[in-house]
Structure formats: C-alpha cells, structure tokens
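Remarks on the overall topology
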There are 2 protein chains.
Amino acid sequence: MRIFNFSAGPAVLPEQVLHRAAEEMLDWHGSGMSVMEMSHRGKEFIGIADKAQADLRTLLAIPDNYKVLFLQGGAMAENALIPMNLLGKKTGADYINTGEWSKKSIKEAKKYCAVHVAASAEDKNFTYVPPQDSWKLNQDAAYVHVCTNETIGGVEYHWVPQTGEVPLVADMSSHILSRAVDVARYGVIYGGAQKNIGPAGLTLVIVRDDLLGQALPITPSAFNWKEQADNDSMLNTPPTYSIYIAGLVFEWLLAEGGIAAMEKKNIAKAALLYDYLDQTGFYSNPVAPGDRSRMNIPFKLKDESLNEAFLKGAQKNDMVQLKGHRAVGGMRASIYNAMPLEGVQALVAYMKEFERTNG
Amino acid sequence: MRIFNFSAGPAVLPEQVLHRAAEEMLDWHGSGMSVMEMSHRGKEFIGIADKAQADLRTLLAIPDNYKVLFLQGGAMAENALIPMNLLGKKTGADYINTGEWSKKSIKEAKKYCAVHVAASAEDKNFTYVPPQDSWKLNQDAAYVHVCTNETIGGVEYHWVPQTGEVPLVADMSSHILSRAVDVARYGVIYGGAQKNIGPAGLTLVIVRDDLLGQALPITPSAFNWKEQADNDSMLNTPPTYSIYIAGLVFEWLLAEGGIAAMEKKNIAKAALLYDYLDQTGFYSNPVAPGDRSRMNIPFKLKDESLNEAFLKGAQKNDMVQLKGHRAVGGMRASIYNAMPLEGVQALVAYMKEFERTNG
C-alpha cells in the first residue's frame, strides 16, 4: 500500500525509482555489491556518479563553464559556505528577504560578512516577491542572494532577477527540476536534495567556474568548492547512495519527457489546488497570485478549530504530512515532481468533502 | 551473487541489513512510505532515529553525560569542525601523528589554531603508534587529537592514551564498533559511517556534554555541536536514510551478540591473515606486531611486478577492492564487522595458491 505524502521534505519519490533501488539493493548490475558498499573510487561507482551528473546536465541544460558538485550538509550548511566560498576580498553581500529560508540564510551569512538586505517582503508578512525595481542593490556586493522558492511561505520567483556584474546566488532547494531554468543567468544555484532530487544528505551546488578560488582561509576543505571541483566532488567520501538515488530520479525525469514535460504537469497540479482555494471562503492562501509557489501550497481553514479534524480525516483517506510548518501554522501541501496528479485530485476532492460536511 | 568486498570504505554491509532495506523500500512497517520519503519531523522517522541512538548507546555503553550526534560531512569535515567546536578561548591543540589520516587532521586544524605535534611515527614511516611516554603533551592544549585506527597505514591503538585534564579526541572512523571502548576515557569520539556503521554521508560524533558550547563564532550552525545537540541532530534535515541503515546495522550487531562477540570474531579474522603474512616471505606487512590494525591490513608482494596478476586472480575468485591506497601502494584487505570469516579464509587460501604458483 502506498499513500499520498505531502511532506515538504524529505518527500515523495517516484515509485519506479524505489522499485529499482529495492531490486538492485543486494547486487547492482551483477557487481555482487550494493551501491552502498561500493568504494567511491571504484569503476562501478564512478560510472554511477558520472551518469548522474551527465543526466542532470542534460535536464537543466547546464553550460560547460559550470561545475556540478555533489556535497553534504544541506542548504543550511551552504548558507554558511556560500559567503566562505564567494567573499574573496569583498566584505559584504546583498540578500533579498522573502521569508523563513531567506532569514536563515541572512542569519548565517552575518557570521562572515556585512549583510545588506536589498529588499524585503516582511512588510506584507512575506506573501509576495519584492519587484526588481524596489531592490536597492550594492555594486560592491560579493553576490546577491535569493531564495527562489520559499518552502514554508509558498512564495516563488517566476522571473529571473537582474544583478548586472554581481553574481546571482539562488537557493533553489524546493523547486529545482520543477521548471525550466536558464542556468547562465545565475552565478550559483544550490539546494538540498530532499525535495525534487533524492534523499536527504545530498547537497547540489552548480557554480560558474570563474567564481571558484575565492574561498576564505577558514573554509573547511570538505566544503571548499574549488577543491571539490578539482576532485570531481570526491576530495572526501561523497554520499554515494544518495547520489545513486538522485541518478535514478534523473533517469526517471528524462523518461517522463524532461523538465518541460514536468513543468507542464506541475502547472496543472498547482492550478487544480489554487483554483479551488480561490473559489471557496472555507480555505485560503495568502500569497499574491503572481508569486505563488507551484511546489509548496500553504492554506488555512477559516475556522482553525477544525485543523485537527481536517488532518485526521486526511490521514484516514491515506493523505499525510499536510500540517503546515510550525512557523506559520495552518496546512501545507507540497506537490513535488513525484506527486502524481491523482494525489492532488484526491486532496481537492477530500477538501471539498470536508467543506461540505463542516462548512 | 554476492562477492567478498575488501573495500576500505564505503564497505561491505551485513547481508541481512540489505535484505531488510530492500523489503522495506516501498512501504516501511505499513506506513505507505519509504524511509527515504519520511519527514524527519514525523513520528515514524523520529522513532527510527531514537531507536538507532538507543541501540548505539547500548552497544558502546555510552554514559548519559555524552551526546550522540548524527551529522554530515565525514571525518574530513570534522577535522575542521573539531577545532571550531572545541577551541573556545584556547589557541592551540595537541596532535599525535600516526599516518595519512592524522596528517589530514593536522593540516585542517592549522586553519584554526596552533597545532602542536606531540608525537609522530614519521621516523619509521608510520608503522607504529608512538608510546605514551614519548608524547610531549602541552597542558594548555584545547584537546589532544588521535586517530585510533589509521585506515591507510593499518596501525591501531590497542590502549587508551592518558591526557589528564585535557580532553582526548579520537577519530575512530575505521574501527568504531569493532571492539569494546571505554567511552568515558574520551572527550570526543567521531567518525564517518562508511566502514562499520552504515552508508557514506553520515557522520557520528559522541561528545561529553561539558565540552559543548565552546564553538568559535565562525562555526556554521549546521555543524555546531551544541546547536545540534539541543535539537536532537535535527537543527537541519539529517541524512535520514543513512540513519535508518545505521539503525539496522546496530540491530544486527545486537543480534550477533554485541561488541564483545564482534571483537572476538574480529580478533580471529585478523589473526588468520597476520599469521599467514608472518610465516611467508612472499608477502609482508610492515606494522609493528603490537600496533597492527584488526580492520585494515596492508600487505605487499615481495615481487611487486606480480601486483596486477594478484588483483586479477582475486577478482576471478570473486574478491574485490584489494588494491592498496595510492599513498602507500601494495595491497590492503579491509575486514570490517560485516566481512564474514569465510571471506578471510577465502583470501588466505587464494594468497597461498598464488604463492604456490608464483613463488
């Protein structure tokens, strides 16, 4: 029995990927070993890692002058490692504050540099993306940091910021691979894997190669992007099994038609839920329509005393992890690539039925 | 078909663990989810993590005043994070240099503090552990760092150093859980999981609680031991699937009779190989008999022109990953907990046959 899992991450994975992983667990392709048991320097695992990277490059059309790194520590670690790796001789960076994850990035960066918040959506409780013309960018900044999809607030950039000569750095943890992205517009794209890529414990960093080599002397070698890039992410032992699972996810995405096909499905899935939210007074979503996330859809019941009953009923209908993040409360449906349309249809049907019996 | 895998890490795992993982891949205990898909804040995963920690505490008899942290980044990351977390107001630390891994720790620590090498085995090419009475310890050191099993050189401490009031910090990556350890004699025990614990991508830190709270301001939150201890290693998303597999390994160890039973088997396995190495001139091991590792056994063929033939023949007999580390050359057999006695018997039989036909 499989359920519909709306967790914000770690999150639902494609069932085909899990079947492959189960089948290959004891003996990968006749090697007599599990992928978990393979030396990261053996030909079997190097083949797995190379194919994962090649497939990711195909999916996102990553230009040749970008390095792809498979690291550890998640986005929270990268929040510290980004200033460590990018500051060079600069002393400050610009941050755009669109919610909880932006705030975490800002807090962490302050340990290493002067943080200038160039725009903030705090005035409207983080329910929108501040438009580009309101940004007060600093030409001396080492970089401009954005979180292009706020997992908790459900706010997403549907446009690419212009930052001139200053590199744009984007935390795409919770919407990478869900939509087409012009990588060349970014200096660095990073994210934890545990939403659209694979298991928790793997961190993806895509970095333009001219930005390498500016790490502060305090940067740990294991997290020094230049040292890792020079060693194909194998300066130390990488999270091998997570890379393997990510590779299976990339194969699945290619088989499904790639990012363009996936984006079309994601637009349809999100529209189904937002359309219903907009036509009922029983539930509501606070985000400005043009800035709504396709991946993470927070909503509140008008009568919050019904929250527990809503969650219990959902569980009874095999839908789990709909409770909103403790920072904002209410509900949240995370509908990543691996969430089938049927899952969103089931959720909307349940929400309608719950409204009918409790409205 | 399963082979005998002598990889130094990632390394062989118990077959029973892999069977369980394969069976539970799509639906863990009727939850309708893979462990990989579970929110780290859901009751299912919290149960898995709590049981893993409890079983590890039982196995190693970890005292209550020690925190167990499940982190990311491997031992190489911890080499930086140890000074970051422990220096406090101190400016230096003592290191004992017993080989390649000690050298990595020393190199990394120099980014953060004055490193004093209190003893070194470099004079004899790292083939022994410098005896305690030769150590020049510094009473002002923030800690004394040792690598209690050198994975590359095959040197192991069979005794516990005395460091007085200064905390003893041990990298036990490649022999933790292979032998009884009196945790109370150490301030910090740490290691990458990919030898005796589980998959690569998980880092274990066992730290005495009075040593927490001395982190330098530059410590990333994701790697701040105090912050992680205060949040049960869930300040950020932990490597959930790796923790689950580690938990299955801990269950297997308990079912096998715990650490005492495992140590007995490990002594027998290592003796089988060392006894043969000591009675032939065809192969040799350079390490002082009293300091030999039970886990990692490097050896050389007297005639190194036979190396390729030796490895090819081993592969033909379903024994892989016997090539020594590039830093030292020759061969290496890593015989961790999950390597059955039959694997070592098969290796010795093959070595004898190879000697007979090539000697």
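In this numbering scheme, every chain counts its residues from 1 along its sequence in written order. All chains are assigned letters beginning at A, and all ligands numbers beginning at 1, according to the order in which they are written. With the structure being a predicted model, the display of local features is reserved for residues of pLDDT at least 70 and the display and counting of side-chain atom pairs for 80 or more, all residues being used for whole-chain, interface and lining totals.

1. Comments concerning the overall build of chain A
Going along the chain from the N terminus, every DSSP run of H or I of four or more residues is numbered as a helix, and every run of E of two or more is numbered as a strand. The secondary structure content of chain A amounts to nine helices and 14 strands. Counting only C-alpha atoms, chain A reaches 60 × 55 × 30 Å along its principal axes. Evaluated residue by residue, chain A yields a buried proportion of 54% over its 359 residues. Contacts here follow a simple rule: the backbone-placed C-beta atoms of the two residues must lie within 7 Å. For chain A, the proportion of contacts with a sequence separation of at least 24, taken over those separated by at least 6, is 68%. Counting other C-beta atoms within 10 Å of a residue's own tells you its class, since 20 or more makes it buried, 12 or fewer makes it exposed, and anything in between is partly exposed; those C-beta atoms are placed from the backbone.

2. Some words on the packing of helix H7 (residues 258-279) of chain B against helix H9 (residues 341-358) of chain B
All names here are of chain B. It is the contact of H7 with H9, at a shortest axis distance of 10 Å, that shows an interaxial angle of 0 degrees. The orientation of H7 with respect to H9, classified from their angle, is roughly parallel. Here Lys 265, Ala 268, Lys 269, Leu 272, Leu 273 and Tyr 276 of H7 come into contact with H9, specifically with Leu 341, Val 344, Gln 345, Leu 347, Val 348 and Met 351. Amino acids outside the nonpolar list (Ala, Val, Leu, Ile, Met, Phe, Trp, Tyr, Cys, Pro) and the charged list (Asp, Glu, Lys, Arg) are all regarded as polar, and Gly is one of them. Its residues assigned to classes, the contact of H7 with H9 comprises nine nonpolar, one polar and two charged. Comment: axis = line fitted to C-alpha atoms, over the contacting stretch for helices; angle = value between 0 and 180 degrees taken between N-to-C directions. Any angle that falls under 35 degrees is termed roughly parallel, while one over 145 is termed roughly antiparallel, one within 65 to 115 roughly perpendicular, and all others oblique.

3. Quick look at the domain arrangement of chain A
Often, the extent of an interface is quoted as the loss of accessible area on bringing the components together. All names here are of chain A. Splitting chain A by domain gives domain 1 (15-255) and domain 2 (258-358). Note: domain ranges come from an automatic or database domain assignment. Inter-centroid distance (C-alpha atoms) of domain 1 to domain 2 is 27 Å. Facing the 24 residues of domain 1 at the interface are 23 residues of domain 2. Across the side of domain 1 that touches domain 2, the residue classes tally to 10 nonpolar, 10 polar and four charged.

4. Some details on the environment of Ser105(B)
Residue and element names in this part refer to chain B. By the secondary structure assignment, Ser 105 is in helix H4 (residues 100-109). Among the residues examined, Ser 105 registers 27 C-beta atoms within 10 Å and is labelled buried. In this structure the C-alpha to C-alpha distance between Ser 105 and Asn 296, which are 191 residues apart in sequence, comes to 19 Å. Filtering out sequence-adjacent residues up to four positions away, Ser 105 remains in contact with Asn 79, Tyr 95, His 145, Cys 147 and Asp 171.

5. A few points about the sheet that holds strand S14 (residues 331-334) of chain B
All names here are of chain B. For two strands to be treated as a pair, DSSP must find no fewer than two bridges joining them. Pairing within the open sheet is antiparallel, and its three strands lie in the order S11-S12-S14. The sheet is open, and its two edges are formed by strand S11 (283-284) and S14, each paired on a single side. Where strand S12 (residues 296-301) meets S14, four bridges bridge the pair, whose relative direction is antiparallel. From the neighbouring strand, Ile 297 faces S14, where its bridge partner is Ala 333. Running over the sheet, H7 touches S11, S12 and S14 and is turned about 20 degrees from S12.

6. Describing the interface of chain A and chain B
Listed as interface residues are 55 residues of chain A and, on the opposing side, 54 residues of chain B. When contributions to the side of chain A that touches chain B are tallied by element, the ones reaching two or more residues are helix H1 (15-23), helix H3 (74-86) and helix H6 (240-255) of chain A. Ranked by residue count, the leading element in the side of chain A that touches chain B is H3(A), at five residues. Partitioning the side of chain A that touches chain B into residue classes produces 29 nonpolar, 20 polar and six charged.

7. Regarding the sheet that holds strand S5 (residues 144-147) of chain A
Residues and elements named next belong to chain A. Spatially, seven strands are ordered S2-S10-S9-S8-S5-S3-S4 in an open sheet, and the strand pairing comes out mixed. On the outer flanks of this sheet lie strand S2 (66-71) and strand S4 (114-120), each paired with one strand and no other. Strand after strand, the sheet turns through a mean of 20 degrees between neighbouring axes, direction not considered. Alignment of S2 against strand S10 (residues 203-208), held across six bridges, turns out to be antiparallel. Residue pairing for S10: Phe 70 is matched across the bridge by Leu 204.

8. Here we look at the relation of the copies chain A and chain B
In the superposition of chain A on chain B (RMSD 0.0 Å, axial shift 0.0 Å), the rotation amounts to 180 degrees. As the rotation angle and translation indicate, the two copies are arranged about a two-fold axis. The position closest to the rotation axis in chain A is occupied by the C-alpha of Ala22(A), lying 2.2 Å away. A share of 98% of interface residues in chain A that are also interface residues in chain B marks the association as one of identical surfaces. The copies were overlaid by least squares, fitting only the C-alpha atoms of residues that reach a pLDDT of 70 or more in each copy.

9. Focus: helix H2 (residues 43-60) of chain B
Residue and element names in this part refer to chain B. An ideal rise of 1.5 Å per residue puts 26 Å on 18 residues; H2 measures up with 26 Å between its terminal C-alpha atoms. Looking at the buried side of H2, the elements it contacts are strand S2 (66-71), helix H6 (240-255) and H7. A positive phi of about 50 degrees marks Ala 61, the residue just after H2. In this analysis, the expected span of each helix is defined as 1.5 Å times one less than the number of residues it contains.

10. Digging into the environment of Leu60(A)
Tracing the sequence through the fold places Leu60(A) in helix H2 (residues 43-60). Those residues within four positions of Leu60(A) in sequence are excluded, and the remaining contacts are Val181(A), Val183(A) and Ile259(A).

11. Some remarks on the pairing of S12(B)
As judged from the two bridges shared by S11(B) and S12(B), these two strands associate in the antiparallel manner. In the sheet register, Ser284(B) faces S12(B), and the bridge partner there is Lys300(B).

12. Section: the confidence of the model for chain A
The pLDDT score gives, residue by residue, the confidence of the prediction method on a 0 to 100 scale. Per-residue confidence for chain A gives a mean pLDDT of 97, with 100% of residues at or over 70. For this predicted complex, the interface confidence score (ipTM) comes to 0.98, while the overall pTM stands at 0.98.

13. Describing the environment of Asp182(B)
Assignment of secondary structure puts Asp182(B) in the loop between strand S8 (168-171) and strand S9 (188-192). Spatially, the C-alpha atom of Asp182(B) lies 8.0 Å from that of Ala61(B), the residues being 121 residues apart in sequence.

14. A short note on unusual backbone geometry
Residue and element names in this part refer to chain A. Between Gly 9 and the following residue, Pro 10, the backbone shows a cis peptide bond with an omega angle of -10 degrees. One can find Pro 10 in the loop between strand S1 (4-5) and H1. Located in the positive-phi region is Leu 177, a residue other than glycine, with phi close to 75 degrees. As for its placement among the helices and strands, Leu 177 is situated in the loop between strand S8 (168-171) and strand S9 (188-192).

15. A word on the packing of H1(A) against H6(A)
All names here are of chain A. At a closest axis distance of 9 Å, the pairing of H1 and H6 adopts a crossing angle of 135 degrees. Comparing the axis directions of H1 and H6 gives the class oblique. The crossing of H1 and H6 is right-handed. Of H6, the residues touching H1 (which contributes Gln 16, Val 17, Arg 20 and Ala 21) are Ile 245, Leu 248, Val 249 and Trp 252. For the contact of H1 with H6, the class distribution of residues is six nonpolar, one polar and one charged. For a crossing to be left-handed, the near helix must be turned anticlockwise from the far one by less than a right angle; the clockwise case is right-handed.

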